[in-house]
2 protein chains.
Amino acid sequence: MALHFERAEFAARRDRTLAAMAEAGLDGLLMFKQESMFWLTGYDTFGFCFFQCLYLDADGSFVLLTRAPDLRQARNTSLIEDIRIWVDRDGATPADDLRDLLAEKGAKGRRLGVEYDSYGLNARNGKRLDAALDGFAALADASELVSRLRMVKSPAELAYVRRAAELADDALEEAHRLTGPGADEGDILAAMQGAVFKGGGDYPGNEFIIGSGPDALLCRYFTGRRRLGSTDQLTLEFAGAYRHYHACLMRTIPVGPVPDHQRRMFDACAAALEACKGALRPGRPIGEVFDAHARVMDGHGFRHARLNACGYSLGAVFAPIWMDYPMFYHANPEPAAPGMVFFLHMILMDSEADLAMTLGETVIVTDGEPERLSRMPLELVCR
Amino acid sequence: MALHFERAEFAARRDRTLAAMAEAGLDGLLMFKQESMFWLTGYDTFGFCFFQCLYLDADGSFVLLTRAPDLRQARNTSLIEDIRIWVDRDGATPADDLRDLLAEKGAKGRRLGVEYDSYGLNARNGKRLDAALDGFAALADASELVSRLRMVKSPAELAYVRRAAELADDALEEAHRLTGPGADEGDILAAMQGAVFKGGGDYPGNEFIIGSGPDALLCRYFTGRRRLGSTDQLTLEFAGAYRHYHACLMRTIPVGPVPDHQRRMFDACAAALEACKGALRPGRPIGEVFDAHARVMDGHGFRHARLNACGYSLGAVFAPIWMDYPMFYHANPEPAAPGMVFFLHMILMDSEADLAMTLGETVIVTDGEPERLSRMPLELVCR
């Protein structure tokens, strides 16, 4: 059994969660987010693809309801002692099993929080949950309760984030080494992801984004690798992940002669990133970071090429997305606080010019200037 | 723009979907599964982590509602022409945007199918969808409509599955090459996943499973790599993925002297795999495959160590899980049919002996004996 945090730290997290539950008037919390389970107990699995629930009672006790393949997984990775199993069969009704378990825990007639906004609880299972608990308990959406507690990282968590950032830098060095005319995207991806694995790191919450030519203007993974041309552009958005904690980087690497327009795009990205760091201050709404980004991009004449968001929080998250709560968009009122970890991504996708430029890195919020985690310079690297 | 299938094949898939919709009495289909979108249009993204819906009207037209970062993604990867964008802002209500779009398509007062059983529609968004469409249209759960059409693969799909199987074999060869006393799991994982990427393949729908020592008894990914001891066991469950089509393999590789008990576990796995292939026949309920597996495992005295399922369908799927519909469990009435692709995994996890043994591979259902896709022998490989 390998717990990746001290038991005292897990206990402190549980106590903070119980306090937040009490404040919200909740007698229990039904968790479906794998992120919440990992943070509170260490439980580490992709078994959330099936119906699975971790219940935290106001008395501080945990019960996990999951499938048989996750029984040993929970024992070997978490501090959960009470693990119940539901069995695959035609017409299986795990939500009813959950109600029976809650009855046993004395939760009948009480007020329970539910993580409805979770990949671990799809809409069909959500309806079944509501039907099974109808008249049994009062349910309230508590999707953000644990997510908000996870925003500020502890020193032990920041140590993993820093290691993740080293792995991301290792991956970027591989990209710089291999990118050039005729290079195969598949080889580049293998070397970048390989650097993370060889360093003891994890799969990222979503695929590394890799695209060249016209597809350098995309910011999602897609299937189909190609070889780089003699004049090309390669966009890479990727994460080092360690103990599931993420640190992201983003770059566009021009190959061959660099158009002046693309250099101006880089200048705008660099200036916007600097402006974002200036706006990311404790107590200030993080929507102001987006506004700083937009002001610079628009001032450089790239309003048509920028996105409606310029980054988000990072943490220990699971598939299908490494993005964590909250995001930088206009008017987001969430205040920044020291110990928060953010990915700042400056993205310009100019469809008219068919040119991409991006610059992104991960920082920790401090009392002053945010702390950069990457050792790599913020300069335009061409190949 | 790269479509990975002929337009005629996409058109045929759409027509089969329209026929199934007509049979189910549906005037339109609200799709939230990325798998359905990829199969019908080529649309390839992990943007399903946000609210996103592909609507297919009974008149055969598609409309996609998604976020701005997926506008170009849809244009560059799919045949969808009508793409609408909803904007991130505090209090964004994309379900209302969807209702307005449906009104424009003349869907008011009609009967619409919804993919509720989807990672792309979590329980919170499901509630918002139901609220936005309450009194607007009649909704019916149609989660399996496209999934069922996807079960039998076309020749063009099988070509991608075969390529995926080659990549899985390449990964297994890397595992055999690197596994041994003192080997680092991270190096093994890097080489295995790297083999898939170098061959032009994709990230799998979930992480490769890798575990040794006591954690060789797990069948999920978890964080934390270790070095193999002089006497050890390494369990690997992994997929080649090509154009998102999966072909899986599973092995446990003993390191050092092999206990007789573990050899007997291998013999049971090999016999169970053979029995499963004997039971996997067109027209027969796939629950019989599980029963054949259970009979052999129990007959070899390993009832305590086997699981409640022994495999599942494979196809073009997205995170967080490569498992596709349907699964081999007791009494599953779904009949097998030629062109279906199945992963047969024989898993024995003996907690008393602290020993694991697994054997799994991917086959295509034919009129007779299922076709093996792996070139690797089904023998106990030790290191």
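Since this is a predicted model, take the numbers as computed values, not measurements.

Analysis parameters
- Residues numbered from 1 in each chain as written.
- Chains lettered and ligands numbered in written order.
- Predicted model: local features only at pLDDT ≥ 70, side-chain atom pairs only at ≥ 80, totals over all residues.
- Heavy atoms only, no water.
- Pairing = 2+ DSSP bridges.
- Helix = DSSP H or I, 4+ residues; strand = E, 2+ residues; numbered from the N terminus.
- Axes fitted to C-alpha atoms, helices over the stretch in contact; angles between N-to-C directions.
- Contact = heavy atoms within 4.5 Å.
- Core = buried A, V, L, I, M, F, W, Y, C linked by side-chain atoms within 4.5 Å.
- Buried < 20%, exposed > 50% of the residue type's maximum accessible area, 1.4 Å probe, protein only.
- Domains from an automatic or database assignment.
- Buried area = accessible area lost by both parts, 1.4 Å probe.
- Salt bridge = Lys/Arg side-chain N within 4 Å of Asp/Glu carboxyl O.
- Polar contact = N/O pair within 3.5 Å; in protein donor to acceptor, adjacent residues only side chain to side chain.
- Nonpolar A, V, L, I, M, F, W, Y, C, P; charged D, E, K, R; others polar.
- UniProt positions renumbered as here; feature names shortened; annotations may be inferred.
- Expected span 1.5 Å × (residues − 1).
- Least-squares fit on C-alpha atoms with pLDDT ≥ 70 in both.
- Parallel < 35°, antiparallel > 145°, perpendicular 65-115°, else oblique.
- Left-handed = near helix turned anticlockwise from the far one by under 90°.

1. What to know about the sheet that holds strand β4 (residues 83-86) of chain B
All names here are of chain B.
Argument step 1. Taken in spatial order, the six strands line up as β4-β3-β2-β1-β5-β6 in an open sheet, and their pairing is mixed. Every interior strand has two partners, whereas the edge strands, β4 and β6 (138-141), have only one. In this sheet, adjacent strand axes meet at a mean angle of 25° when their direction is disregarded.
Argument step 2. One ladder, built from four bridges, connects strand β2 (residues 53-57) with strand β3 (residues 62-67); its direction is antiparallel. Of the residues in β3, the one forming a bridge with Y55 is V63.
Argument step 3. Contacts from helix α4 (residues 94-104) reach β1 (28-31), β2, β3, β4 and β5 (111-114), with the element oriented near 160° to β3.

2. Details of the sheet that holds strand β1 (residues 28-31) of chain A
All names here are of chain A.
Argument step 1. Within the open sheet, the six strands sit side by side as β4-β3-β2-β1-β5-β6. Their pairing is mixed. The open sheet terminates on both sides in strands that have one partner only, identified here as β4 (83-86) and β6 (138-141). Looking at each pair of strands side by side, their axes are set apart by 25° on average, direction ignored.
Argument step 2. For strand β3 (residues 62-67) and β4, the ladder comprises four bridges, and the chain directions are parallel. Looking at β4, one finds that L65 is bridged to R84.
Argument step 3. Those strands touched by helix α1 (residues 7-23) are β1, β2 (53-57) and β3, and its axis lies near 75° from that of β2.
Argument step 4. Packing against the sheet, helix α4 (residues 94-104) makes contact with β1, β2, β3, β4 and β5 (111-114), and its axis sits at approximately 160° to β3.

3. What to know about the nonpolar core
Argument step 1. In this structure, A:L30 and B:L30 are the most contacted members of the largest nonpolar core, which totals 223 residues.
Argument step 2. Apart from the residues within four sequence positions on either side, A:L30 is in contact with A:C53, A:L54, A:Y55, A:L98, A:L102, A:L112, A:G113, A:V114, A:E115, A:L133 and A:L139.

4. Let's talk about the domain arrangement of chain A
Residues and elements named next belong to chain A.
Argument step 1. Taken domain by domain, chain A holds domain 1 (7-150) and domain 2 (155-372).
Argument step 2. Relative placement of domain 1 and domain 2: their C-alpha centres are 33 Å apart.
Argument step 3. Taken together, the contact between domain 1 and domain 2 spans 13 residues of the former and 14 residues of the latter.
Argument step 4. Taken together, the two surfaces of domain 1 and domain 2 that pack against each other cover about 1100 Å², and 54% of this comes from carbon and sulfur.
Argument step 5. Between R13 and E157 there is a salt bridge, with the nearest N and O atoms lying 3.9 Å from each other.
Argument step 6. The interface formed by domain 1 and domain 2 holds five residue pairs in polar contact (both at pLDDT 80 or more) in total.
Argument step 7. At the level of secondary structure, the elements contributing two or more residues to the side of domain 1 that touches domain 2 comprise α1, α2 (34-41) and α6 (145-150).
Argument step 8. Counted by class, the side of domain 1 that touches domain 2 contains four nonpolar, two polar and seven charged residues.

5. A few points about the UniProt feature "domain: Creatinase N-terminal" (unreviewed entry) in chain A
Argument step 1. UniProt tags residues 13-152 of chain A as "domain: Creatinase N-terminal" (unreviewed entry).
Argument step 2. Regarding residues 13-152 of chain A, the helix share stands at 39% and the strand share at 19%, and the terminal C-alpha atoms are separated by 12 Å.

6. Here's the deal with the interface of chain A and chain B
Argument step 1. Contacts between chain A and chain B engage 76 residues on the former and 76 residues on the latter.
Argument step 2. Contact between chain A and chain B buries roughly 6800 Å² in total, counting both sides, with carbon and sulfur atoms accounting for 57%.
Argument step 3. A per-residue breakdown of the area chain A buries against chain B is headed by A:F46, A:Y203 and A:R220, which together make up 13% of the total.
Argument step 4. At the surface where chain A touches chain B, the tally comes to twelve salt bridges.
Argument step 5. For the pair chain A and chain B, the interface holds 44 residue pairs in polar contact (both at pLDDT 80 or more).
Argument step 6. Of all the secondary structure elements, the ones that give two or more residues to the side of chain A that touches chain B are α3 (71-77), α5 (123-133) and α8 (185-198) of chain A.
Argument step 7. The element that contributes the greatest number of residues to the side of chain A that touches chain B is α8(A), accounting for eight residues.
Argument step 8. For the side of chain A that touches chain B, a count of residues per class yields 34 nonpolar, 21 polar and 21 charged.

7. Details of helix α1 (residues 7-23) of chain B
Residues and elements named next belong to chain B.
Argument step 1. Taking 1.5 Å per residue, 17 residues should reach 24 Å; α1 reaches 24 Å between its end C-alpha atoms and fits that length.
Argument step 2. Along α1, the positions that sit buried rather than exposed are E9, F10, R13, T17, L18, A20 and M21.
Argument step 3. Those residues of α1 that are buried lie in contact with β1, α2 (34-41), β2, α6 (145-150), α7 (155-178) and β9 (245-255).
Argument step 4. Just past α1, the residue G25 takes up positive phi, approximately 70°.

8. As for the side chain of B:R67
Argument step 1. Here B:R67 is to be found in strand β3.
Argument step 2. Leave out the neighbours within four places in its chain, and B:R67 touches A:R220, A:M327, B:F50, B:I85, B:W86 and B:D88.

9. Remarks on the environment of B:Y312
All names here are of chain B.
Argument step 1. When you line up the elements, Y312 lands in strand β10 (residues 311-313).
Argument step 2. Residue Y312 is classed as buried on the basis of its relative accessible area of 4%.
Argument step 3. Counting along the chain gives 26 residues from Y312 to I286, while the straight-line C-alpha distance between them is 9.4 Å.
Argument step 4. Ignoring any residue separated from it by four or fewer positions in sequence, one finds Y312 in contact with E237, W322, M323, D324, P326, M327, F328, V341, F342, F343 and H345.
Argument step 5. Looking at Y312, its side chain comes within polar contact range of the side chain of W322, at 2.8 Å.

10. Some words on the relation of the copies chain A and chain B
Argument step 1. Take chain A, turn it by 180°, move it 0.0 Å along the axis, and it overlays chain B with an RMSD of 0.0 Å. Expressed as an axis order, the relation between the two copies is that of a two-fold axis.
Argument step 2. A high fraction, 100%, of the interface residues of chain A reappear at the interface in chain B, so the copies pair face to face through one surface.

11. A look at the UniProt feature "domain: Peptidase M24" (unreviewed entry) in chain A
Argument step 1. Under the UniProt annotation, "domain: Peptidase M24" (unreviewed entry) lies at residues 160-367 of chain A.
Argument step 2. Spanning residues 160-367 of chain A, this segment combines 32% helix with 25% strand, and its end C-alpha atoms are found 21 Å apart.

12. Comments concerning the packing of α8(A) against helix α8 (residues 185-198) of chain B
Argument step 1. Put simply, α8(A) and α8(B) touch, their axes get as near as 8 Å, and they point 165° apart. Taken together, α8(A) and α8(B) sit at an angle that is classed as roughly antiparallel. Considering only the axes of α8(A) and α8(B), their crossing is right-handed. Contact with α8(A), carried on its side by A:G186, A:D187, A:L189, A:A190, A:Q193, A:G194, A:F197 and A:K198, involves B:G186, B:D187, B:L189, B:A190, B:Q193, B:G194, B:F197 and B:K198 of α8(B) and no other residues of that element.

13. With respect to the packing of α7(B) against α8(B)
Angle between the axes and distance between the axes: these two values describe a pair of packed helices.
Residue and element names in this part refer to chain B.
Argument step 1. At a minimum axis distance of 8 Å, the contact between α7 and α8 shows a crossing angle of 155°. The orientation of α7 relative to α8 falls into the category roughly antiparallel. Considering the relative orientation of α7 and α8, their crossing is right-handed. Contacts between α7 and α8 involve L167, D170, A171, E174, A175 and L178 from the first element and D187, I188, A191, M192, A195 and V196 from the second.
Argument step 2. The residue makeup of the contact of α7 with α8, split by class, is nine nonpolar, no polar and three charged.

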